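# Chain and residue survey
If you want the building blocks of each chain, they are given just below.
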Amino acid sequence: MNAREAAGTLPASAAPGTSDVRLCVEQAGYAYAAAERAAPLFTLEATSFQTRRRELVAILGPNASGKSTLLRLIAGTLPPLSGRVLLDGVSVSELAPRVRAQRIAMVQQESPLLFPIRVWDYVLQGRHPYGRPLRFESPDDHAIVENALAQVGADALRERWMHQLSGGEKQRVVLARALAQQPLLLLLDEPTLHLDIGAQVELLRTLRRLAELNRYTVVVVTHELNLAAEFCDQVLVLHRGRCLRAGPPAEVYHRELLEQVFETRLEVEIQADGTPRVRVRGRD
Amino acid sequence: MAPLTPRRLAWVCGGLAALLFAVVVISLKLGAVPISVSDLVLNLGRLALGRTDELPSEYRMIVFEIRLPRILLGILVGAALSVAGAGFQALLRNPLADPYVLGVSSGAALGAILSLIIAARATVATPIAAFVGAAATIGVVYLLGRRSGQLDSYTLLLAGIITASFLSAVIMFLMTTLSGRDLRGMAFWLMGDLSATSPVALGWLFLVLVLAIGAIYTTAADLNLILTGEQEAMHLGVDVARVKIVVYVCASLLTGLAVSVSGAIGYVGLLVPHVMRLLFGSDYRLLIPASALGGAIAIVVADTLARTIVAPTELPVGAMTAMAGAPVFIYLLRRRLS
């Protein structure tokens, strides 16, 4: 049994109707240029996919393939130049920042902290979208933060300083802050980057469990092909700003496609439970 | 550090306000003419009850016409510079930012001097020109401080220090070539001085400072998040562009006003927010009022020392703050580099 079945999710094809669709990316594209009228330096071509509640989606691709750009379009912080991104039917880039933060939470690659901050205060920041200016956190906010820390198994860390945590601990706390936002959509930009293999599996397992428990839709940018195959319902493969393929891992993971995208010799095995597994062909 | 609650906020601010009051009483007492505490309390009481005719004339002269206005000006300038410093630190995501170190004070001083040269009679023009000078300088320093599109904290500091030095040179040039005109001394513009002010100017200053500090305070919760990263703040629902404009305009206004009435007093905006962070944590909802009160205390203490340690000669207050602030700046810089 693979991780998806273990978590009790329905396979994508069995979900009834389209009313269950939470995130709908329709022909969304973007271009970066050095100056307004200059030729674009990088273009993300029109990309489309849909995803439901409780689903985990992985965005895969080599460096500079447009993964983070696509994630920012989904997050609504970068308005698409073409197409649109709808969350429950509403265009995300048109939401007011505060409302958007109540619906979409983003876990980013680590940014340095200027001043020391405790875990509890850090996670409490996740309640910011619900507060009015100058309002102090309510008992409800504290209960939500408590719960968020418990969900990622970080209760014991609450009094610790952020800069004294290990990579895995920090990642859990950052995730807890995103949970405190009580979002519909949880986005993660390379969350496995500085984690050892044990912590990576633990993180994906946690995401799977949270998606199920809180009915989140989770979109994660990652380099870990095998973890994505094991834990995700859908994968998107980006290459030089183009989405080459989107769908369940078993349908997307073909040797020719992955070799073309990652420019290295690979092998794809289908395991007994139908999950594909990618191996590097080192020696022939 | 205990989490911030309204109760803790009230206790900290109340404590600092009490300390400020004590410092003001001591400062009124000290000086070239010593005054006993009992006389001071008696006469302050008479003043509070409106019985000004019972005040001995030498008291009225020394305490209420010389020392008190100077202390009140110090309170306003200290609060303005400290809050401006805390604001620039969040805006530029740089804990070493300070209006003086970044050249903003020199920009304000140059603006004020130019307005005095061009339109000497238009007293309203001076603070406005100082504000424009401050805002323009921080804009230039911001642009110079970027490296490949990213704000680099050391490039920024360097850009600020170089800009400050350039602007100081321009100020010296103007002062030397235009001597004889009513521009106040060079020490005033380069080192700061609290000696001359009018009650009307104090009133206006108070009003505008309260508004500007209040406006920055409305963004306090947002600033906490901007300090953890602009992108992150955006994802947590902060309208980053709006907050930056509010803080940019208000911090420039605070610096410009402070400089137009007291010259370029340095390091208060660096030192005070830093000490407040060490004592009370870095939550801006507490840091801003604590910095305002702490800045007031710092300037009153510095100015009292400036006019007493070599009495009857007076030092510029900026010399006192620089003697305390510059070593702290070096210490913080070295600690960040290690």
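Treat the numbers as computed from the prediction; the structure is a model and nothing was measured.

Glancing now at the overall build of chain A. Scanning chain A from N- to C-terminus turns up 10 helices and 12 strands. A globule of 284 residues ought to have a C-alpha radius of gyration of about 19 Å, and chain A, at 19 Å, matches this closely. Principal-axis analysis of the C-alpha atoms places the extent of chain A at approximately 60 × 50 × 40 Å. The buried share among the 284 residues of chain A stands at 42%. Contacts in chain A between residues at least 24 apart in sequence constitute 66% of all its contacts with a sequence separation of at least 6.

Our focus in this paragraph is the sheet that holds strand E3 (residues 56–60) of chain A. All names here are of chain A. With mixed pairing, six strands are arranged side by side in an open sheet as E6-E7-E8-E3-E9-E10. A strand with exactly one partner marks an edge of an open sheet, and here the two such strands are strand E6 (104–107) and strand E10 (242–247). Averaged over all adjacent pairs, the angle separating strand axes in this sheet is 15°, with direction ignored. In this sheet, strand E7 (residues 185–189) lies alongside E6 in parallel orientation, the contact comprising four bridges. By the bridge assignment, Ala 105 is partnered in E7 with Leu 186. Its contacts with the sheet place helix H6 (residues 167–180) against E6 and E7, and it is angled at close to 170° to E6.

Let's shift gears to the interface of chain A and chain B. In this assembly, 21 residues from chain A lie in contact with 24 residues from chain B. For the side of chain A that touches chain B, a count of residues per class yields 12 nonpolar, six polar and three charged.

Further remarks concern the sheet that holds strand E2 (residues 40–52) of chain A. Each strand in a sheet pairs with its neighbour through backbone hydrogen bonds, running either in the same direction (parallel) or in the opposite one (antiparallel). All names here are of chain A. Strand order in this open sheet of four strands is E2-E1-E4-E5, and the pairing throughout is antiparallel. The sheet terminates laterally at E2 and strand E5 (90–91), the two strands that pair on one side only. In this sheet, E5 lies alongside strand E4 (residues 82–87) in antiparallel orientation, the contact comprising two bridges. Looking at E5, one finds that Leu 87 is bridged to Val 90. On the sheet, helix H2 (residues 67–75) packs against strand E1 (21–33), E2 and E4 and is oriented at approximately 125° with respect to E1.

Attention now moves to the nonpolar core. If you look at soluble globular proteins, the nonpolar side chains tend to sit buried side by side. Core analysis: the largest hydrophobic core is formed by 179 residues, its most contacted members being Leu 187 of chain A together with Ala 80 and Leu 254 of chain B. Here the element with the most residues in this core is helix H3 (residues 57–91) of chain B; it accounts for 16 residues. Not counting the four nearest positions on each side in its chain, Leu 254 of chain B is found in contact with Ala 80, Val 83, Ala 84, Leu 209 and Ala 212 of chain B.

This part covers helix H6 (residues 153–177) of chain B. Across its 25 residues, H6 of chain B extends 36 Å between first and last C-alpha, which sits within 8% of the 36 Å expected from 1.5 Å per residue. Every buried residue of H6 of chain B is listed here: Leu 156, Leu 157, Ala 159, Gly 160, Thr 163, Ala 164, Leu 167 and Ile 171 of chain B.

All names here are of chain A. Running from N to C, helix H5 (residues 139–151) and H6 cross one another at 135°; their axes reach a closest spacing of 8 Å. One way to sum up the angle between H5 and H6 is to call them oblique. Note that H5 runs across H6; the crossing there is right-handed. Of H6, the residues touching H5 (which contributes Ile 144, Val 145, Ala 148, Leu 149 and Gln 151) are Ala 176, Leu 179 and Ala 180. Residue classes in the contact of H5 with H6 are distributed as seven nonpolar, one polar and no charged.

If pLDDT is low for a region, its predicted coordinates should not be looked at in detail. Per-residue pLDDT for chain A averages 87, and the proportion of residues at 70 or more is 91%. Segment residues 5–17 of chain A: pLDDT under 50, and 16 contacts once partners within four positions in sequence are set aside and those in other chains are kept.

This paragraph deals with the confidence of the model for chain B. Overall, the predicted model of chain B reaches an average pLDDT of 87, with 96% of residues at or above 70. Overall fold confidence (pTM) sits at 0.84, and the ipTM for the predicted complex is 0.82.

With respect to the helices and strands, Tyr 122 of chain A occurs in helix H4 (residues 119–124). Other than its neighbours up to four places away in sequence, Tyr 122 of chain A contacts Ile 117, Met 162, Val 173 and Arg 177 of chain A.

If you check helix H2 (residues 37–48) of chain B, its first and last C-alpha atoms are 16 Å apart, about what 12 residues at 1.5 Å a residue would give, namely 16 Å. One or two positions beyond H2 of chain B, positive phi appears at Gly 50 of chain B, with a value near 80°.

Each value, and the rule that gives it
- Residues numbered from 1 in each chain as written.
- Chains lettered and ligands numbered in written order.
- Predicted model: local features only at pLDDT ≥ 70, side-chain atom pairs only at ≥ 80, totals over all residues.
- Helix = DSSP H or I, 4+ residues; strand = E, 2+ residues; numbered from the N terminus.
- Rg over C-alpha atoms; globule rule 2.2 N^0.38 Å.
- Buried ≥ 20, exposed ≤ 12 C-beta atoms within 10 Å, placed from the backbone.
- Contact = placed C-beta atoms within 7 Å.
- Pairing = 2+ DSSP bridges.
- Axes fitted to C-alpha atoms, helices over the stretch in contact; angles between N-to-C directions.
- Nonpolar A, V, L, I, M, F, W, Y, C, P; charged D, E, K, R; others polar.
- Core = buried A, V, L, I, M, F, W, Y, C linked by C-beta atoms within 7 Å.
- Expected span 1.5 Å × (residues − 1).
- Parallel < 35°, antiparallel > 145°, perpendicular 65-115°, else oblique.
- Left-handed = near helix turned anticlockwise from the far one by under 90°.
- pLDDT = per-residue confidence, 0-100.

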